[in-house]
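Fold and geometry: a report
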Amino acid sequence: MEEPRIGVYVCHCGTNIAGTVDVEEVAKYAETLPHVVVARHYPYTCSDPGQELIKKDIKELGVNRVVVASCSPRLHEKTFQGVLREAGLNPYLFQMANIREQCSWLHEPGPELTEKAKRMVGAAVNRVSRHVPLEMRAVPIFPATLVVGGGIAGMQAALEIANSNHMVYIVEREPSIGGHMAQFDKTFPTLDCAACILTPRMTEVSRHPFIRILTYSEVVAISGYVGNFKIKIRRKPRYVDEGKCIGCLVCQEKCPWTALSEFNAGTSKRKAIYTPFPQAVPNIPVIDAEHCAYFLKEKCRACEKFCDANAINFEQSELIFELEVGNIIIATGFDTFDASSIPQYGYGRYPNVFTSMEFERLCSPTGPTEGHIILADGRQPESVAIVHCVGSRDKNYNEYCSRVCCMHALKYSHLIKEKTNAAIYQMYIDMRCFGKGYEEFYNRISNEGVNFIRGKVAKVTDEAIAEEEKGKLIVLVEDTLLGTMLRVPVDMVILCIALEPRKDANEVARLFHLGRSADGFFLERHPKLDPVATMSEGILIAGCCQGPKDIPDSVAQASAAAARALAMIARGKIEVPAITAAIDETECSGCRICNLLCPYDAIFFDDEAKVSRINQVMCQGCGVCAAACPSGAITHNYFTVEEITAEIEGVLA
Amino acid sequence: MSFEPKIVGFLCNWCSYAGADLAGISRLKCAPNVHIIRMMCSGGISPLFILKALEAGADGVLICGCSPGDCHYKEGNYKTLRRITLLKKMLEQLGIEQERVQLHWVCASCGDEFVDVVNKITAEVKELGPLQAGVKSRV
Amino acid sequence: MDVLSPYKEATDVILEAGGEPLKLCYQCGLCTGICPWNLVRSFLVRRIMHAAQLGAIDFGSEDIWTCVTCRACVQRCPRGVEIIDVMRALRRAVASMGIGVVPDALRISAKNIAGVGNPLGEAPEKRNDWAKDLKVKNFASGTEILYFPCCVPSYDPDVKTIARSTATIFNKLKIDYGLIGTEAKCCGESIRKAGHEDTFQSLAQNNINLFTSNGVKTVVVSSPHCYHTFKNEYPELGSKFEVIHTTQYLASLIEQGKLKLSKEINKKVIYSDPCYLGRHNSVYDEPRKVLQSIPGLELIEFPDAREEGLCCGGGGGRIWMDTPKGERFSDIRVEQAVAKGADIIALACPYCFLNYRDSVLSMGKAETMQVKDIAELVAEAI
């Protein structure tokens, strides 16, 4: 092999690295290392001119190995490997030193940062001098896509993909698709009814020949890699035969047992056998075993008696099956903040303190009051306080802004005015009406007559100190624009609760190898330039699982994720790293330890030659076999003993 | 000058390396003593590498992998667990303290856990002092 | 600490009195930032708007009466709030519903207007005395133009010059014009802004009936306040006549070649835009055209002219109230005029005339700075 001629490029990353690491000194140090023919520092190495610089050195200085000291290889390893390829070098003659995420960002500023960066660069130089060329492998993309979550984002993504005649599976854990949007009454700022725009979508999804909806189901395991994921799905028993059920819902009518309706945010009861809402898709009920008399006490079976279609099946059990997909779109949505964790707002103590979700249901014609805005005692409210930022923009709960509350608070004002003519007080910190038509909506609602009080509510109490406060809820707030403490007596309080990551976001993140940002939502690959991809190839995110957003933004992100998946499908194949393991047959003792260890059954024993061999197509390159081989006959490409030893010696130098 | 231990960290690509990145992205701060080497899977970390690190001057070795059940390669991390348990028994016989070689599970969204783990091993190895040359040679 | 509760009834009163626009206010405070009062003292327009929204207004406060209705804030309000309407509604709530105190000076003027039809309390039959020696005919059916000089030039001995100059010009040009009988009353613009809506309604109805019964088709006015209410408010009550401000009329005469100015006035003249001609009705160019037609005259501008023009302090009924020394906008203007090297401050509004004249006198600048209506200058140059 030719003598290594190494080029080292230390990136400033603006001030992200250069602000705390002396990049010039790191480059100077690199120049002194063996085989290094050139060492440079550059403001943005990933930029076009930065890439050109490397290409130029390869061509003009005969650089044949490259080290870039910049950000995480998870971000730009591919970028720079591409540079090498374009310049005619094998992309594996490259090594990155992650001096941003794992150095300048990770440690307190100080001279030690520069020292550490030098050692990291030294290790990379040492390692890259041992690198050998490897060939990339092209693997086919399985053209089906998995969408996790059947809310508006999931449905949108599914339709976009399915409309190009590629199969989509929607996995939804609830009995129906529709998500949170199905619970809303009207949508801002157009005030069109959510059901009117959502239900046609749901029908379209359910009738689409290229979409298969798997409700009441969850992903339990995933394996494989981009283009070739294997997904294990658990389908919970509905205890209703989907093939037989005709959706007449007589069972629901006859069922004598009840539980709180999740769909109505706990404001009403539903039966133990139920569909969550009248427009549910599929329109097939489920039996909630936790509240069903048969499962609890082994009697009743009323639903079975009344079902003409004989669709009730108490013997049904959960079903586990596997799907093969090339891409995955996560659209698992959000949960809402638990308002009772701010006790001073009285939620749970005063019956006329409602959360925004409860109020949505109160406004809805399909809700518990058939759309009448009434108090717990059935009266119409004469005055309503709408409290913004409950659980949002607050270090004690969630630091972030939930982005939709100002707008739905304005929407509530309109609905209350329309239905009751009550006096309305909005207690806000800042009005954030940033979307298309939103400021105009704010203007319109202002003109309808709303009292805007700038201040974060301190307390909601029923302790009256004046005659006119008796029997009312009194909202205590400073009007920061008047500089005066206000006591606002009202009949009803609506708490605009924060949008939060799903309670099981951590489990889902682990399942799909997703990162989570500080706010707990799933982490996108890049906050500006790549908000739909994740650090896991082939796994995309859309909608509120990535952060609070309104319907238009969720839909836009879902479409973007779908476009990304389609691009992959259209390409048909993807190049995957050539990182596999290989057996040196002359060293192999034929002990077969590796045969059992391989998680992909990629290693087989050649009975004739009495040695083990690795199927290069099946091998995923984990290196478990190489680490276990007692004779050291297995080479883990790109992670060879020589390479890793060189890196170890480098970091300890 | 107080003793600053040198620690080599072997991190799996899918969970732990991503977790370390996340710690940086979140601007969390930890001790600078751990030098990270990226591996594909913790199951691919040969005991030889750990011994090599100790021999070449490391005062400690940190191994991080996906949490049990989350391995990108199905169950590589279970193999790591068994392997490290065995290795530590061997190191004990060589007179190398338990705390010098630590295995932790750090997931891709576990930025804070990564920082905690780094600070923990750094403090504990600092407490133990440098790995003696005599012990090294036995390695 | 004072703890307030929103007082819906008070808000309702304000809304009923015409304060509807306040609902739109989103409390940005631009109005406060623009308001000329903050050049001389603190006046938080934004805060008044918010207190009104919540019905938490102090109806006894002098703040209610402070606004000069100059329209600087309305012109720039990002939400298009008619702040003057809100101020008027607050005053109306006080004046007509007796929930606060109307300042004494204003009460006297209001009483005079309601009683004798002019704020000065002069006899109605003396309304046209200023023209006694000028041989101006009474308006009769068929007369082309009605000249309506405003109460101040009609009665105030020092301001009569505006009306007399105008009549002199008209006489020289043999214009077919006349004065309406002494049944004419104050136009009511300012007293309406001061919250006396009923008085305004009866004044307006009186004038409309009078003009209509006499067959008035065109009215030339000296005051931008008369101009504003005749042009924008009277039509809602049924008036049909055309209104022209003297500066507009003179400009058109010059353009038609009917008015030729030949005598030189070799002075530096600075023109102050009246709020009700400028911001309220966008008349900026005609007064300047007239001045520029005078030979020898050098027209200069205030640092903040036209849309940015500073109010004299006399709008919204403030003309009848006392503004303490140090808070008078016209004082600031006189200083600016001096700094610009002006010899004459040219005006087009009797209220401005009153305020600037007072400022020049009280500042001891009468020797070096003259205050003249544009009509006066034209009469001199003819």
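Reference entry: report on the structure contained in this document.

Helix and strand content of chain A: 18 helices and 34 strands. A burial count over chain A gives 60% of its 653 residues as buried. If you take every contact in chain A between residues at least 6 apart in sequence, the share linking residues at least 24 apart comes to 69%. Counting every atom, chain A has about 26,100 Å² of accessible surface; 51% of that belongs to carbon and sulfur. For chain A, the distance from the average site of its 68 positive side-chain charges to the average site of its 80 negative ones is 3 Å.

This paragraph deals with the sheet that holds strand S18 (residues 327-330) of chain A. All names here are of chain A. Read from one edge of the open sheet, five strands run S10-S7-S6-S18-S29, paired in parallel fashion. With one partner strand each, in any of the chains shown, strand S10 (211-214) and strand S29 (539-541) form the two edges of the open sheet. Neighbour-to-neighbour, the strand axes of the sheet open up by a mean angle of 20 degrees, direction not taken into account. Note that S18 and S29 share three bridges and pair parallel. Paired with Ile-329 across the two strands is Leu-540, which belongs to S29.

A few words now on the interface of chain A and chain B. At the interface, 49 residues of chain A touch 55 residues of chain B. For the pair chain A and chain B, the summed buried surface comes to about 4,400 Å²; carbon and sulfur atoms form 62% of the total. Across the contact surface, chain A and chain B share three salt bridges. With a shortest N-O distance of 2.7 Å, Glu-77 of chain A and Arg-38 of chain B are connected by a salt bridge. One can count 14 residue pairs in polar contact (both at pLDDT 80 or more) joining chain A with chain B. Counting residues per element, the ones that place at least two in the side of chain A that touches chain B are helix H3 (73-86), helix H4 (100-104), helix H5 (111-128), strand S11 (217-225), helix H14 (505-512), helix H17 (624-628) and helix H18 (641-652) of chain A. Counting residues per element, the side of chain A that touches chain B draws most heavily on H18 of chain A, which supplies eight residues. Class assignment of the residues belonging to the side of chain A that touches chain B gives a composition of 21 nonpolar, 17 polar and 11 charged.

A separate point is the pattern of salt bridges. Under the defined criterion, the tally for this structure stands at 66 salt bridges over all chains. For Arg-100 of chain A, the salt bridge identified is with Glu-101 of chain A, shortest N-O distance 2.9 Å. Pair check on accessibility: Arg-100 of chain A and Glu-101 of chain A agree, each one buried. Here Arg-357 of chain C ties to Asp-358 of chain C by a salt bridge, and the two come within 3.5 Å at their closest N and O atoms. A network of salt bridges, in which partner residues are shared, links Arg-173, Glu-218, Arg-234, Glu-318 and Asp-504 of chain A.

This part is about the state of the cysteines. This model, assessed by the stated rule, comprises two disulfides over all chains. A disulfide bridge connects Cys-193 of chain A with Cys-196 of chain A, and the sulfur atoms are separated by 2.1 Å. In this structure, the disulfide formed by Cys-193 of chain A and Cys-196 of chain A twists by about 95 degrees around the S-S bond and is classed as right-handed. Linked covalently through their sulfurs, Cys-107 of chain B and Cys-110 of chain B form a disulfide whose S-S length is 1.9 Å.

Here the focus is the nonpolar core. Counting residues in each nonpolar core, the largest one holds 165 residues, and the members touching the most others are Val-493 of chain A together with Phe-211 and Phe-230 of chain C. With eight residues, the top contributor of residues to this core is helix H5 (residues 83-97) of chain C. Setting aside its immediate chain neighbours within four residues, Phe-211 of chain C contacts Leu-146, Phe-148, Ile-180, Val-216, Val-219, Phe-230 and Phe-241 of chain C.

This part covers the side chain of Asp-550 of chain A. Residue and element names in this part refer to chain A. Considering the arrangement of structural elements, one finds Asp-550 in the loop between S29 and helix H15 (551-571). Among the polar contacts made by the side chain of Asp-550, one reaches the side chain of Tyr-438 at a distance of 2.7 Å. Residues in contact with Asp-550, not counting those within four places in the same chain, are Phe-188, Val-404, Phe-434 and Tyr-438.

Residues and elements named next belong to chain A. Read across the open sheet, the four strands follow the order S2-S1-S3-S4; overall the sheet is parallel. Since the sheet does not close on itself, it has two edges, and those belong to strand S2 (36-42) and strand S4 (94-98), each with one partner. Sheet twist, expressed as the mean angle between neighbouring strand axes with direction ignored, is 15 degrees. As defined by bridge partners, strand S1 (residues 6-11) adjoins strand S3 (residues 65-70) across five bridges and the pair is classed as parallel.

For the rest of this paragraph, the subject is empty space enclosed by the protein. Within this structure, the stated rule accounts for 16 cavities of 30 Å³ or more. In this structure, the largest cavity encloses a volume near 230 Å³. In this structure, the largest cavity is lined by 19 residues; those nearest its centre are Gln-95, Met-96 and Glu-647 of chain A together with Ile-36 and Arg-38 of chain B. Contributions of two or more residues to the lining of the largest cavity are made by S4, H5 and H18 of chain A together with strand S2 (34-39) of chain B. At five residues, H5 of chain A tops the list of elements feeding residues into the lining of the largest cavity. Considered class by class, the residues forming the lining of the largest cavity number 11 nonpolar, four polar and four charged.

Counting residues at the interface gives 23 residues for chain A and 19 residues for chain C. For the chain A face of the interface with chain C, the top three residues by lost area are Leu-481, Leu-482 and Met-485 of chain A, together amounting to 32%. Run the count over chain A and chain C and you get one salt bridge. At the surface where chain A touches chain C, the tally comes to nine residue pairs in polar contact (both at pLDDT 80 or more). Secondary structure elements with two or more residues in the side of chain A that touches chain C: strand S22 (423-428), helix H13 (438-447), strand S23 (451-454) and strand S26 (484-490) of chain A. A per-element tally of the side of chain A that touches chain C places S26 of chain A first, with six residues.

All names here are of chain C. Relative orientation of the contacting elements helix H13 (residues 285-292) and helix H16 (residues 374-381) amounts to 25 degrees, with a least axis distance of 10 Å. In terms of axis orientation, H13 runs roughly parallel to H16. With respect to the hand of their crossing, H13 and H16 are arranged in left-handed fashion. Taken together, the residues of H16 that come into contact with H13 (itself represented by Pro-287, Val-290 and Leu-291) are Ile-374, Leu-377 and Val-378. In terms of residue class, the contact of H13 with H16 is made up of six nonpolar, no polar and no charged.

Moving on, we come to the pairing of strand S5 (residues 242-245) of chain C. As defined by bridge partners, strand S4 (residues 218-221) of chain C adjoins S5 of chain C across four bridges and the pair is classed as parallel. Bridge pairing links Val-219 of chain C to Val-243 of chain C in S5 of chain C.

Criteria and thresholds
Residues numbered from 1 in each chain as written. Chains lettered and ligands numbered in written order. Predicted model: local features only at pLDDT ≥ 70, side-chain atom pairs only at ≥ 80, totals over all residues. Heavy atoms only, no water. Helix = DSSP H or I, 4+ residues; strand = E, 2+ residues; numbered from the N terminus. Buried < 20%, exposed > 50% of the residue type's maximum accessible area, 1.4 Å probe, protein only. Contact = heavy atoms within 4.5 Å. Areas by Shrake-Rupley, 256 points an atom, 1.4 Å probe, with all protein chains shown as cover. Lys, Arg positive; Asp, Glu negative; His and termini not counted. Charge placed at Lys NZ, Arg CZ, Asp CG, Glu CD. Pairing = 2+ DSSP bridges. Axes fitted to C-alpha atoms, helices over the stretch in contact; angles between N-to-C directions. Buried area = accessible area lost by both parts, 1.4 Å probe. Salt bridge = Lys/Arg side-chain N within 4 Å of Asp/Glu carboxyl O. Polar contact = N/O pair within 3.5 Å; in protein donor to acceptor, adjacent residues only side chain to side chain. Nonpolar A, V, L, I, M, F, W, Y, C, P; charged D, E, K, R; others polar. Disulfide = S-S within 2.5 Å. Core = buried A, V, L, I, M, F, W, Y, C linked by side-chain atoms within 4.5 Å. 1 Å grid on protein atoms, 1.4 Å probe; cavity = no way out; pocket = protein on both sides within 12 Å on 5 of 7 lines; lining within 4 Å. Points joined across faces, edges and corners; volume = space filled by probe spheres on them. Parallel < 35°, antiparallel > 145°, perpendicular 65-115°, else oblique. Left-handed = near helix turned anticlockwise from the far one by under 90°.

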